[in-house]
Amino acid sequence: MPCALNLMTDFNIILFMCNWGPHAAYQTLQDTAARIPDEIKMVRIPCAGRISKALLLRSFEMGAHGVALVGCHPGSCRYGTGSSNAQDHVEDARGILELLGLGKDRLRLATFLPDEPERLLSFLQDFTTEIREMGPSPIAPAGEKTLLIEGNNAIQEIVAAHDVYACQDCGKCSSACPLTLAGKPFSPRGIASEVIAGHIDAPAVQKDIWSCLTCGLCYDRCPSAVDFAGFIRDLRHYLATSGSNNHTAHGGFFQSLMRTMTSEDLQMRHWEWLPEDIQTDPDSKILFFGGCAPYFDIFFRTHLGVKTRDILVDSLRLLNFFDIHPALLMNERCCGHDLLWSGDRENFGKLAQLNVRALRDMGIEEVITACPECYRTLARDYPQQGVEPGFKVTHIFDLIEKEIDKGAISFKELGRKLTFQDPCRLSRFENRPDLPRKLIRRLNPVSFDEMPEHGTSAICCGNSAWVGCDAFSKALQVKRLRQAHGTGSDLLVTACPKCQIHLRCAMEDPFLGEELHMEMMDLASVLAKTIEWE
C-alpha cells in the first residue's frame, strides 16, 4: 500500500544549482535529452554558498519533499568560500531537519565539475528514488497568506485596546527607550502619535513598528500605563495580514521553523540528544518544557558556538537533585513566542493548540520551564489569545527557591565575581526581578555586583522575536557588555538563552571582540554546578 501511495504522489524536489561548474554539466544533460527525473525543479543560483539555512528550510515549508544543493568542488569555487559555506549551511540544516523529525536525508549537498554530466545524472536519479522511498514530507505546505485589509477601524480598535489615547506626549518613553538612547531615530510616542493620526501606511512608521524591541521599558516608565509592547505586537499582526513585509533576522529562519512545526504529522525528535544519566518519568504529572535551545545550538554552531542546550540539561539535573523526575514531551513544539511577537497570530494559535492538546493527552498538571519566554507564553499569552492551558505553569526559579526553603541545602564556593543580565520577559513583563536575585544571593561567589541599569530598569540584550536586528541593536549589546566589565565581574550570569546568543554575537566583533569577551553562564547552570546537600 505505501508503494502504491508513493506512485500517486506528485513529488517535488528542489534543486539549487550553482551557475558555474555543475550548471555546465546540467546543460549537457539537457542538450543530450538525458532522462532527468520529472520531480526535479531546478533553481539556478550564482553560488551554492549563497543558499542560507533559511532558504533550505523555507523550501520544505513551501512543500518540497526533498532538496539538493549542488555546487562546485572545494577549491574550484569562483567566490572562494562558496563550497565551504554551502557545506556548513547544509550540515546545520540537516541537523535541524533531524530534530524536526523530517529526516536529514531529505537534504543533500553534492559537487560536480563541468565534465561530469553522467555523475550528476546518476546523483539526481538516485536522490529522486530515495525521496520516493521515504514517502511524502509530513510538512503541510504553507498556503497563500490570507490578507485581511480592515482599514482604520482595525487600527482604532488596536489603539483603544491598549489605551494609546491616554498617551500624554510627555516623552518619558522615548527618554528611556534603549534604541533611542543608542542613537536610533526612534520614538515610541512618535509611533503612537502617527498611528493615531492615521499614518500607519507611511514607510517610516512601518519601519519603526518592526524596529521596536518590545522590551517593555517604556511601559515601566509610562505615567499612563500605555501597553506599548502589546500595541506594537498587534500592529505587527495588522501589518502582516495586510501584506506588509516584516524585518525578521536570519532570513526569517526561526519564524519558518515555527510555522513548519504547525504540521500535525511531524514527529519531532526534540529530546533524543539528552544525556543518559538524566532521570525522567513518562507517567509523571509534572512536565519539563525545554523550548528551542536545541535548534539554537545547531543554527549558531559555526558562528557563535553557543551551548544553550546546557541550560536544559542543568535544569533537569536540578529537578533530579530534588527527586523530581519530570515527563518530557518527546514531540515538543516551540511555544510560539516569536510568531506572536512578529505578527503571525494565526500560526501561533496553531502551535498553542497542538502543545496544549499534547499535554492534556499526557495528563500533565504542572509544566516547569527555565525559559522566561516559554514561561510568559504558556502562562499568559495562551489564555490571552484564547487557548486555555488547563495546567499550572511554573518557572524553575520559583520551584528551586521553594525547595531550598525547606532547608538542608548549601552551595559550594564558586570562586567567581558575578553580575547579572535581566531577561525582559521575567524581570519586566512578569515584574519578578527579585526571583533570580534571591537565588544568586544564596550562592557562594567571590562577589555579586549589579550593572548600572538592572532589575526592571535593565537594558534589553538587543533583540526580541528575531525582529529588527541592526547596528543599533549591536550598540546596545556593546554598551551592556561594557557595563558588565565595569562591575569588575568575570562571569555574566544570564537567565534566557537568547540573551546569551545576542550578547555572544556582539563578542564576535572583529575589532571589539577581545575587549567585550566575557564568560557567560545561565543561572540554572550555576545552581546545578554548585548545589549540594548540607
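A. Summary view of the domain arrangement of the chain. Partitioning the chain into structural domains gives domain 1 (9–134), domain 2 (151–241), domain 3 (263–401) and domain 4 (403–533). Computed from C-alpha coordinates alone, the two centres of domain 1 and domain 4 are separated by 42 Å.

B. Layout of the sheet that holds strand β8 (residues 392–395). Overall, parallel pairing links the four strands, which are arranged β6-β5-β7-β8 in an open sheet. The open sheet has two free edges, formed respectively by β6 (327–328) and β8, since each of these has just one partner strand. Where strand β7 (residues 366–369) and β8 come together, four bridges link them in parallel fashion. The residue of β8 that forms the bridge with Thr-369 is His-395.

C. Looking closely at the packing of helix α10 (residues 203–211) against helix α12 (residues 228–240). In contact at an axis separation of 9 Å, α10 and α12 are set at 125° when each is read in the N-to-C sense. Put simply, α10 runs oblique to α12. Viewed along their axes, α10 and α12 form a crossing whose handedness is left-handed. Contacts between α10 and α12 involve Gln-206, Ile-209, Trp-210 and Ser-211 from the first element and Ile-232, Leu-235, Arg-236 and Leu-239 from the second. For the contact of α10 with α12, the per-class residue count stands at five nonpolar, two polar and one charged.

D. Representation of the side chain of His-337. As for its position among the elements, His-337 is in helix α16 (residues 337–341). By relative accessible area, His-337 is classed as buried at 1%. A polar contact of 3.4 Å, which involves the side chain of His-337, links it to the side chain of Glu-373. Beyond its immediate sequence surroundings of up to four residues, His-337 is in contact with Glu-373, Thr-377, Arg-425, Ser-464 and Lys-498.

E. Quick look at the state of the cysteines. The tally for this structure, following the rule as stated, stands at zero disulfides. Unpaired in terms of disulfides, Cys-173 finds its nearest cysteine sulfur in Cys-167, a separation of 6.1 Å. Note on Cys-499: no disulfide assigned, nearest cysteine sulfur contributed by Cys-461 at a separation of 4.1 Å. Judged by relative accessible area, Cys-499 falls into the buried class, the value being 4%.

So, how was this worked out
Residues numbered from 1 in each chain as written. Predicted model: local features only at pLDDT ≥ 70, side-chain atom pairs only at ≥ 80, totals over all residues. Heavy atoms only, no water. Domains from an automatic or database assignment. Pairing = 2+ DSSP bridges. Helix = DSSP H or I, 4+ residues; strand = E, 2+ residues; numbered from the N terminus. Axes fitted to C-alpha atoms, helices over the stretch in contact; angles between N-to-C directions. Parallel < 35°, antiparallel > 145°, perpendicular 65-115°, else oblique. Left-handed = near helix turned anticlockwise from the far one by under 90°. Contact = heavy atoms within 4.5 Å. Nonpolar A, V, L, I, M, F, W, Y, C, P; charged D, E, K, R; others polar. Buried < 20%, exposed > 50% of the residue type's maximum accessible area, 1.4 Å probe, protein only. Polar contact = N/O pair within 3.5 Å; in protein donor to acceptor, adjacent residues only side chain to side chain. Disulfide = S-S within 2.5 Å.

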